[in-house]
Amino acid sequence: MDKKLFNKYSFDNANKTPGFGKVVGEQVKKQLKNPVWHYILFGIGVLFLLTLCINKVLPYSWYGGFVITAAYSISSIGFCLLMGYSGMASLGTGGFIGIGCYSIYYVMTLSGLPFFLGILVAIVIAVVIGVIVGFISLRIESIYLVILTLGLSEILRNVYVKLQNAIVIGKVEIFGHTLKSTETMYVIIPVLVIVMIITYNIISSPTGRAMLAMKNSTAAAQAMGISLLKYRLMAFIICTVFAAVSGSMIILRNGSETASNGVGAYALITSLNVLAAVIIGGYKSIWGAIFGTFVMYGLSSTILQRIELFANHPELITIVSGVLVIVVVMFYPGGLAQLLAGLKIKIKGLFKKMKEAKYGKDIG
Amino acid sequence: MAKISANKPSLMDKITKIFNNPQAKLISLRKKLQWVETEKQALPEIYESKKQRKLGAIKSGYDAKLSSAAFKACDKEEYATAAFNEKMQKYDVKAYMQHRAVNHALTKSIFAAIKKGEDYSAAVSKHDAAIQALKAKRARYEEKLLSEKAAFIKRNNTADDSEYVALKAKLQKEYDAIESSISEKYNVELEKKTAKLNAKIEKLNADIQAVKSTIPALKSLPENVLLSVKGLKMYFGGLKAVDDLTFDVKKGEIFGLIGPNGAGKTTVFNCITRFYNATGGDIYFENKAGEVVDMRDFKVHDVILQGISRTFQNVELVKEISVLENLLVACTREYQSNFWVHALGLPIVKKEEKLLKVKAMKILKFMGIENYASWLAMGLPYGILKKVEIARALMSNAKLIIMDEPAAGLNDSETAELTQTIRKIRDEFNVTILLVEHDMGLVMSVCDTVCAISFGKMLAIGTCEEIQKNKAVQEAYLGVEEDE
């Protein structure tokens, strides 16, 4: 008798076949393992949360914090790819963000063309800048490259000051619908999700592996047929394009930006903030980059400003983020992503310890 | 053997070379050809696994159909006993944890009593009582199950296997028919696909011949020679790291390059693989397509396309990804899909990876490390990492594998294994091996030809015995004997 034919022994006669619900549930479970669905669900969740903010179920002040975090996250993710996967760093993010802002301004306000065309123009200019920096990165490495991109960023900022110091964009129209300030999230969050999906695809593809090989050892990468020129260019182009897209999202959210005094979105402080965000979050994790950006840009307006101490002394907020960077670099070089992964292991260990306290050690 | 003229190309030549470069065309054509060949090799396994998956699904469907008849047919006594045993086993697993808890409580209370200097007999008797209670509980459960079992047997006391036999015969017939039809279908598909690929290969070969005819033949190497190094010079400023070195590597041999520390062995390697731009001299190599090329025409990342792959002295693997993915890194130039396809995550990328993974698993099996395929390269022992690196060098269908100190950091037994592995690689993959090594035992046992160099100059070349007897080599290694 073939015993395998019975799924499970039971004293009830029926050999139960799995029901419809179970089959569907298994399929859904299988699909949910794909990270692309995580990103899409994340986007839907954030949109839901923001709707609650607008309807004042949650505090309205959170809305701005979350949306600006999403806008800056795009450039953080690009930076993550550059630093965590290609092993290069740059301090030019601020300047690259400006490309997006000014493209939108010139295309929309001066030419009267639609908003999305502005993003396209921003991408084209960003590709050109990315190619330039990528070529430079072949000759110069590590800290010198950082200084060089810093200089490039300052050049770009001064160009912006000369072009038009303060820019203001008018009302944005998308498919004939005028976008209110509370509706910008319907543009920004989907763009963020698309960027997350593209980044995930790149890092899990042969291209991402080639970049990792290049980061680990340039000699071995070249011996394996990986052209440094191609992949460094690619990394810098992705980084600048994402920063430019991020810039156009920022100008869409804020409506105006200023280039003087180094306080705007394209000042040095932005480059440093994005660098800090990626270091805090974990330089090899998409979730980490978003979380780090939230710490740098969203934390103050959502949580810290509700605490009286920080509301009275806003300068303390900067100190908090500075201390965070120090603590993370000292104890969790992999960032908050590493902290969370470590937490998972620790919780498992805790359960094991609890079990041992009750039952004693397993002696087989 | 005619030497090519050393005329420097003019600027105009350089510009036309960029826009109309037959070499680049050849490279892209050969890339396509190699891909098609990889596809052809992996095809049977892919179809086999497809077939098995389909048949498995059909079989489990038939089993589900058969199960109710099988239940009617089976001996109820046997069935009920099996069910009873399984349930009791499950209960015992649960009861084990309760026993553990009771025992642990006893140990704790005994320790506490000893610390206080009290008598712990009360705790022991309490423990005994608890154990008795657990045993009684188990007995009660057993009794209940036995009564259930008896009721079950009484309820289904007939064993009628006529329906089962008939159904099984019918389904078996159906299954056999489906199996043969499916395997036939897959075989036909496989043949079709293979024929298609063969046609593609023929067409690509014709294209390659057409492009090749436009390029004048460079030169020819003497018969049986794969790599010819002539008068190689590499100067770093005033330092002559390699000075006028000449040697030939024959096809299918294991060639060893030895010399004291700082003799310039690794520099020679780096010149061949284009990491260094040689100051002077010629390096000719018969590439995968069987034509002789001047290695100085290629950039360092194009060397692998010509059929030279190398390993490194210190293991240079990507630590963050698995062993299997590390092997895939060596195939970066073989993918047909470009960046845009990767960024959009189209399914074609997964298909291509599947093909290459089949190839990678074959090589890992050959090296005897297929169990480590999904491990991260980060924490693996050094001996395994060395093997992974050799496996990675094998991934690109190279004709010449250059090993830079393959035995560095290995213990004696691992080195002995490496000797076998190197020979096996040479025989199985039809490659020539060029190695630099300090471990004289390995060199003398594995190499067919040995070349000894010192301070960038050749001392001697020949078989192992000749090198061992050579005076100059002995002096270089042991120093000059002075007469008192």
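As the structure is a prediction and not an experimental result, all values here were calculated from the model.

Peer 1: Talk me through the overall build of chain A; I want residue IDs and the actual numbers.
Peer 2: Assigned secondary structure in chain A consists of 15 helices and four strands. In terms of its C-alpha atoms, chain A occupies a principal-axis envelope of roughly 85 × 60 × 45 Å. Per-residue burial for chain A yields a buried fraction of 44% across its 364 residues. Contacts in chain A between residues at least 24 apart in sequence constitute 77% of all its contacts with a sequence separation of at least 6.

Peer 1: Can you lay out the sheet that holds strand β7 (residues 400-404) of chain B for me, pointing to particular residues and giving the numbers?
Peer 2: Two orientations exist for strands paired in a sheet by backbone hydrogen bonds: parallel and antiparallel. Residue and element names in this part refer to chain B. Read from one edge to the other, the open sheet built from six strands follows the order β6-β7-β8-β3-β9-β10, with strand pairing classed as mixed. What marks the edges here is a single partner per strand, and that holds for β6 (308-310) and β10 (457-462). Pairs of neighbouring strands in the sheet enclose a mean axial angle of 20 degrees, with direction left out of account. In this sheet, β7 lies alongside β6 in parallel orientation, the contact comprising three bridges. Each bridged residue has a counterpart across the sheet, and for Arg310 the counterpart in β7 is Ile402. Together, β3 (254-258), β6, β7, β8 (432-436) and β9 (449-454) form the strand contacts of helix α6 (residues 265-272), whose direction differs from that of β7 by roughly 145 degrees. In the packing of helix α15 (residues 471-478) onto the sheet, contacts are made with β9 and β10, and the angle to β10 comes to roughly 125 degrees.

Peer 1: Now, about the interface of chain B and chain A: what can you tell me, with residues and values included?
Peer 2: Listed per partner, the contact involves 47 residues of chain B and 34 residues of chain A. Put simply, the parts of the chain that give the side of chain B that touches chain A at least two residues each are α2 (22-73), α3 (76-116), α4 (121-155), α7 (303-306), α8 (323-329) and α9 (339-344) of chain B. For the side of chain B that touches chain A, the per-class residue count stands at 25 nonpolar, 11 polar and 11 charged.

Peer 1: So what about the sheet that holds strand β4 (residues 280-286) of chain B? Which residues, and what values?
Peer 2: All names here are of chain B. Here we have four strands laid out as an open sheet, ordered β2-β1-β4-β5, and antiparallel in their pairing. Either end of the sheet is taken by a strand with one partner, and the two such strands are β2 (239-250) and β5 (292-294). Each neighbouring strand pair of the sheet contributes to a mean axis angle of 20 degrees, computed without reference to strand direction. Bridge analysis of strand β1 (residues 225-236) against β4 gives five bridges, and the strand direction is antiparallel. Bridge assignment links Ser228 to a residue of β4, and that residue is Tyr284.

So, how was this worked out
Residues numbered from 1 in each chain as written. Chains lettered and ligands numbered in written order. Predicted model: local features only at pLDDT ≥ 70, side-chain atom pairs only at ≥ 80, totals over all residues. Helix = DSSP H or I, 4+ residues; strand = E, 2+ residues; numbered from the N terminus. Buried ≥ 20, exposed ≤ 12 C-beta atoms within 10 Å, placed from the backbone. Contact = placed C-beta atoms within 7 Å. Pairing = 2+ DSSP bridges. Axes fitted to C-alpha atoms, helices over the stretch in contact; angles between N-to-C directions. Nonpolar A, V, L, I, M, F, W, Y, C, P; charged D, E, K, R; others polar.

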